[in-house]
Amino acid sequence: MVDIISDLVCMITRDMKMNNVNYVPGQQIKEFVIKRIKTGIDQKGKPKRDSKEYEPIGIISGTIAQASQKDVERWKKIDHPITHTVVIEGTTEAKAEDFLLLEDDRKLFIQGKDDPGELGFFNILYCEERLDR
């Protein structure tokens, strides 16, 4: 058992050195399920949104961190409070008003999305942790 744990620690350390990433405990790469409010057309032909039903649209991998005070203030000014940021590699289908679900049943409501380099290499999702939905 000790050999297995030491092998895992060596593998993780080697991967972190190869990718030149310094993870803080709890910020490892995690998987998120993206859920979007179900939409459709009512009997009159008008679009409708059912705020109680969500449909999964994909899975993304990324790191989650508490939002910096600068980001919290910037998003608060436009009436979109955030608590966390999620950084993902590449692009994603996720957009504002979608939910990210973590394995431990935490729910993050996406307030906005940013592509800092505008090249599609990384995206930052600005999220608010929600307990009510």
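Residues numbered from 1 in each chain as written. Predicted model: local features only at pLDDT ≥ 70, side-chain atom pairs only at ≥ 80, totals over all residues. Heavy atoms only, no water.

## Some words on the overall build of the protein chain
And step 1. Scanning the protein chain for helices and strands turns up two helices and six strands.
And step 2. Counted from the first residue to the last, the protein chain has its helices and strands arranged as α-β-β-α-β-β-β-β.
And step 3. Within the protein chain, buried positions represent 26% of all 133 residues.
And step 4. For the protein chain, the proportion of contacts with a sequence separation of at least 24, taken over those separated by at least 6, is 52%.
And step 5. For the protein chain, the computed accessible surface area is about 9,700 Å², with 53% contributed by carbon and sulfur atoms. (Helix = DSSP H or I, 4+ residues; strand = E, 2+ residues; numbered from the N terminus. Buried < 20%, exposed > 50% of the residue type's maximum accessible area, 1.4 Å probe, protein only. Contact = heavy atoms within 4.5 Å. Areas by Shrake-Rupley, 256 points an atom, 1.4 Å probe, with all protein chains shown as cover.)

## Concerning the confidence of the model for the protein chain
And step 1. For the protein chain, per-residue confidence averages 82 on the pLDDT scale, and 78% of positions sit at 70 or higher.
And step 2. Within the protein chain, strand β5 (residues 107–114) carries the highest mean pLDDT (94), whereas helix α1 (residues 2–18) carries the lowest (49). (pLDDT = per-residue confidence, 0-100.)

## Quick look at the pattern of salt bridges
And step 1. According to the stated counting rule, one finds five salt bridges in the structure shown.
And step 2. Residues Glu-53 and Lys-38 are paired through a salt bridge, measuring 3.5 Å at the closest nitrogen-oxygen approach. Of the two residues, Glu-53 is situated in strand β2 (residues 47–66) and Lys-38 in strand β1 (residues 30–41); the sequence distance between them amounts to 15 residues.
And step 3. When its relative accessible area of 38% is taken as the criterion, Glu-53 is described as partly exposed.
And step 4. Across the salt bridge formed by Arg-74 and Asp-71, the nearest N and O atoms sit 3.6 Å from each other. Pair noted here: Arg-74 and Asp-71 are both in helix α2 (residues 69–77), with a separation of three residues, about one helical turn.
And step 5. Given the relative accessible area of 16%, Asp-71 is considered buried. (Salt bridge = Lys/Arg side-chain N within 4 Å of Asp/Glu carboxyl O.)

## Concerning the packing of aromatic side chains
And step 1. Considering all chains together, one arrives at three aromatic pairs under this definition.
And step 2. Between Tyr-54 and Phe-99, the ring centres sit 5.3 Å apart and the planes meet at 85°, which makes this aromatic pair edge-to-face. Placement of Tyr-54 in strand β2 and of Phe-99 in strand β4 (residues 99–101) is noted, with a sequence separation of 45 residues between them.
And step 3. For Phe-99, a relative accessible area of 4% corresponds to the buried category.
And step 4. Chaining the aromatic ring pairs together yields one cluster made of Tyr-54, Phe-99 and Phe-109.
And step 5. Positioned above the aromatic ring of Tyr-126, the side-chain terminus of Arg-74 is 5.4 Å from the ring centre. (Phe/Tyr/Trp six-rings, centres within 6.5 Å; stacked < 30°, edge-to-face > 60°. Lys NZ or Arg CZ within 6 Å of the ring centre and 35° of its normal.)

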